[in-house]
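Spelled out from the first residue to the last, the chains are:
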Amino acid sequence: MAVVTANARGVSPRGSRPPAPGAGGRSEESWKGHIIRELKHRDLSQHAMFQDLIRFYTQLLEKTSLTKGLLSSAARRPPAGGAPLSSLQQQSIQLKKTTGELAYQVVELTQQIKIKDGVLEEQHARLLQEQRCLSRVSETHQELQAQVEQVQGQNTVLKVEYDTLLEQQRAAEAKLRQETVGGEELLAKVMKRKNQAAARMNSHNERRSRAREATQAAARSKVNLDRSAVHPPSSTSPSSGFSNSSSAPSSRSTSPKNEKRDASTERKPMRLVRSASVTSPRILTSIKELFDRKRRGHSVCSQEEDLVSPVRICVSARVPARALQVLDAHEQDINAVRFSSSSDLLATGGTDKVIKLWEVRAGLLTHRGTLDGSTEGITCIEFDPMGFRILAASYSKAAMLWQLGDSVPKVTLTGHSRKVTAARFSSITHQVVTGSADGTIRLWDLRRAACLQSRNVAKYCSDLVCSENCIISGHYDGQIRAWDSRVASCVQVFPAQGKVTSLDLSSDHCQLLSCCRDDCLQLFDLRRWSNERVTFRADGFKCGSDSTKAVISPDCCYLAAGSADGAVYIWNVSTGKLETRLPDKHSSSISAVSWSLSGEYFVSVDKSKRAVLWSDM
């Protein structure tokens, strides 16, 4: 650059030779070629980042080339005079000035290049960091992909197992259908055999009745003969003039034995015939056994069941106020509870398929026994009026009858196609009534364990009660139906407010209580047989299930039901208002309640295996 400036001024160093022609052109070309190669290299590496710097640098090169061209032309032409020399000096000054500016711009651009290099290094560092993150993410992705493949393999295995189980289920369902058809055929055969057995028993009873009548006739004729033998008439009647032998039947008069007896009587007229005396204990015992003894045949009932049930009256029921005992009575949910007529025995039944008997004494429940034999859960419990037998309904489509002294059922009543929801003793001896979810109501004879009548309502029967010649049933269609058991027809329909979950009859059979899913109790007066009713509600009371049981107190003054919140609600019938609320003893929905016939105790059971004994003591 110094050499160029000196040549521009036109002063050559001493002893130096002028540059050979073409030497300056070769240096320019080599320098420019070097710059171009560097720029191309940088353009390849930093083209996108340094576009502005390249543009400015290109302009600088162009101006530098122009300046060098002017200086070289000035050096080749010698100055002709002083004026052109001064102009050249001015141009040289201007070019120096321009060169300085360009040098400054080069410095600035160099600083920008350094700044760009720093930014580029930061970006390279960030790029490395992102690459490392990408590698970690890629590894995670590979792990997840491996897990996905593993899960897919497991899913494939589970799918194969599921398909296998589905095939097994289909095979089991097909087998179940076959077994169901076979069971129905077997049931039809059993019912046919029962009907045949009933016909044979009726024929046998008819023959026995005829034989008994014949025996009675023979006994009467024998008694008449003995009377005639004890008090023989005189040999000749004053009025008729006939002898005693002529008045006797011809068969006896011609018999040799009778001839001998007459002869002996003639010989000993004062002797009495002892073997055929009317007052003989043997004859009296025979006649008493003949007329008093009850020939039972194939009956499933005992003599103590034929006794007339006692009439128990509760003068005043106690309103429960305090829990006397809280216990876990069953292993699973408790669905039903009932006091016996003597109030000293309690029965509870639940989903664990058993009925437990509890002795109530001095405010405590003591476990007395367990009744087995049900294959499914218990839905309803009923004591007979004498308290000797227990009738229960179950999910096994059957109702069972137990004797208190036996742990296995004495009678099993089958014939419903779905679970039996209610089972009650009828007002007629040896008859019970059952209601089922299949929409049928059946009347059974316990002596033959046979169905006498079947009424098809086609609506889910949730509960029923029995009065004299009347059966009242509640259904899920919101209707309460009254049936005449003598003609097997519906005589009255009471509309309810929602699904009927339970029914209860007052002790005087004049009032009917229904519990409905719309969270209310309804009390009907059966003496009027009208649709008028009294509705009982309370804040917080909610019917907890489709089988929640409500009861009337023995004195007909109070109503009680359990709520979904675990509290017992008791209403006063006369005022129509809530009498009391008993909370905090149940942790789940209360399924059933029962009042003892004496009015002294009250029991509530829930879905969490708990039973609570209440009283006002």
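Values in this document were obtained by computation on a predicted structure and should not be read as measured data.

What counts and what doesn't
Residues numbered from 1 in each chain as written. Predicted model: local features only at pLDDT ≥ 70, side-chain atom pairs only at ≥ 80, totals over all residues. Heavy atoms only, no water. UniProt positions renumbered as here; feature names shortened; annotations may be inferred. Helix = DSSP H or I, 4+ residues; strand = E, 2+ residues; numbered from the N terminus. Pairing = 2+ DSSP bridges. Axes fitted to C-alpha atoms, helices over the stretch in contact; angles between N-to-C directions. Salt bridge = Lys/Arg side-chain N within 4 Å of Asp/Glu carboxyl O. Buried < 20%, exposed > 50% of the residue type's maximum accessible area, 1.4 Å probe, protein only. Phe/Tyr/Trp six-rings, centres within 6.5 Å; stacked < 30°, edge-to-face > 60°. Lys NZ or Arg CZ within 6 Å of the ring centre and 35° of its normal. Contact = heavy atoms within 4.5 Å. pLDDT = per-residue confidence, 0-100.

### Some words on the UniProt feature "repeat: WD" (unreviewed entry) in the chain
In step 1: As recorded in UniProt, the feature "repeat: WD" (unreviewed entry) lies at residues 327-368, 413-454 and 553-581.
In step 2: A helix fraction of 0% and a strand fraction of 48% characterise residues 553-581, whose end C-alpha atoms lie 15 Å from each other.

### Digging into the sheet that holds strand 12 (residues 440-445)
Whenever strands of a sheet pair, they do so through backbone hydrogen bonds, lying parallel or antiparallel.
In step 1: Pairing is antiparallel across the open sheet formed by four strands, whose spatial order is 10-11-12-13. A strand with exactly one partner marks an edge of an open sheet, and here the two such strands are strand 10 (420-425) and strand 13 (450-456). On average, each strand axis in the sheet is tilted by 20° relative to the strand beside it, whichever way the strands run.
In step 2: In this structure, strand 10 lies alongside strand 11 (residues 431-436), joined through five bridges in antiparallel fashion. Its bridge partner lying in strand 11, Ala 422 is registered against Gly 435.

### What to know about the UniProt feature "coiled-coil region" (unreviewed entry) in the chain
In step 1: Feature annotation in UniProt places "coiled-coil region" (unreviewed entry) on residues 134-161, given in this structure's numbering.
In step 2: Taken end to end, residues 134-161 comprises 100% helix and 0% strand; its first and last C-alpha atoms sit 39 Å apart.

### Re the sheet that holds strand 3 (residues 345-350)
In step 1: Strand order in the open sheet formed by four strands is 2-3-4-5, and the pairing between neighbours is antiparallel. Whereas interior strands pair on both sides, the edge strands pair on one side only; in this sheet they are strand 2 (334-339) and strand 5 (364-371). Direction aside, neighbouring strands of the sheet carry axes that sit 25° apart on average.
In step 2: Where strand 3 and strand 4 (residues 355-361) come together, five bridges link them in antiparallel fashion. When the bridges of strand 4 are listed, Ala 347 appears paired with Leu 357.

### Some points on the pattern of salt bridges
In step 1: The tally for this structure, following the rule as stated, stands at 20 salt bridges.
In step 2: With a closest N to O distance of 3.4 Å, Asp 445 and Arg 448 form a salt bridge.
In step 3: A relative accessible area of 6% means that Asp 445 is categorised as buried.
In step 4: Given a relative accessible area of 29%, Arg 448 falls into the partly exposed group.
In step 5: Through salt bridges with shared partners, a single ionic network connects Arg 338, Glu 382, Arg 424 and Asp 463.

### What to know about the packing of aromatic side chains
In step 1: Throughout the structure, instances matching the rule amount to seven aromatic pairs.
In step 2: Arranged with centres 5.5 Å apart and planes meeting at 70°, the rings of Phe 541 and Tyr 569 form a pair that is edge-to-face. Of the two residues, Phe 541 sits in the loop between strand 21 (533-536) and strand 22 (550-552) while Tyr 569 sits in strand 24 (residues 568-572), which places them 28 residues apart along the sequence.
In step 3: The buried category is assigned to Phe 541, whose relative accessible area is 5%.
In step 4: According to the relative accessible area criterion, Tyr 569 is buried, its value standing at 1%.
In step 5: Centroid distance Tyr 569 to Trp 571: 6.2 Å. Interplanar angle 25°. Geometry classified as stacked. Residues Tyr 569 and Trp 571 agree in their burial class; the two are buried.
In step 6: Each residue in the set Phe 541, Tyr 569 and Trp 571 is aromatic and connected to the rest through ring pairs, giving one cluster.
In step 7: Lying across the ring of Tyr 476, Lys 499 places its NZ or CZ 4.8 Å from the centre.

### Considerations on the environment of Ala 611
In step 1: Within the secondary structure, Ala 611 sits in strand 28 (residues 610-615).
In step 2: Accessibility expressed as a relative area gives 3% for Ala 611, which makes it buried.
In step 3: A sequence separation of 281 residues divides Ala 611 from His 330, and the C-alpha atoms of the two residues are 8.7 Å apart.
In step 4: With near-sequence residues (within four places) excluded, Ala 611 lies in contact with Gln 325, Val 326, Leu 327, Ala 329, Ile 334, Ser 604 and Val 605.

### Observations regarding the confidence of the model for the chain
In step 1: With 77% of its residues at a pLDDT of at least 70, the chain reaches an overall mean of 79.
In step 2: Contacts of residues 1-21 to residues separated by more than four positions or lying in other chains number six contacts, the stretch itself having pLDDT below 50.
In step 3: Here residues 233-300 scores under 50 on pLDDT; set against residues more than four positions off or in separate chains, the count is 47 contacts.

### What to know about the pairing of strand 25 (residues 578-582)
In step 1: In this sheet, strand 25 lies alongside strand 24 in antiparallel orientation, the contact comprising four bridges. Among the inter-strand pairings, Tyr 569 is bridged to a residue of strand 25, identified as Arg 581.
In step 2: The hairpin formed by strand 24 and strand 25 contains five residues between the paired strands, and Gly 576 there has a positive phi angle of roughly 75°.

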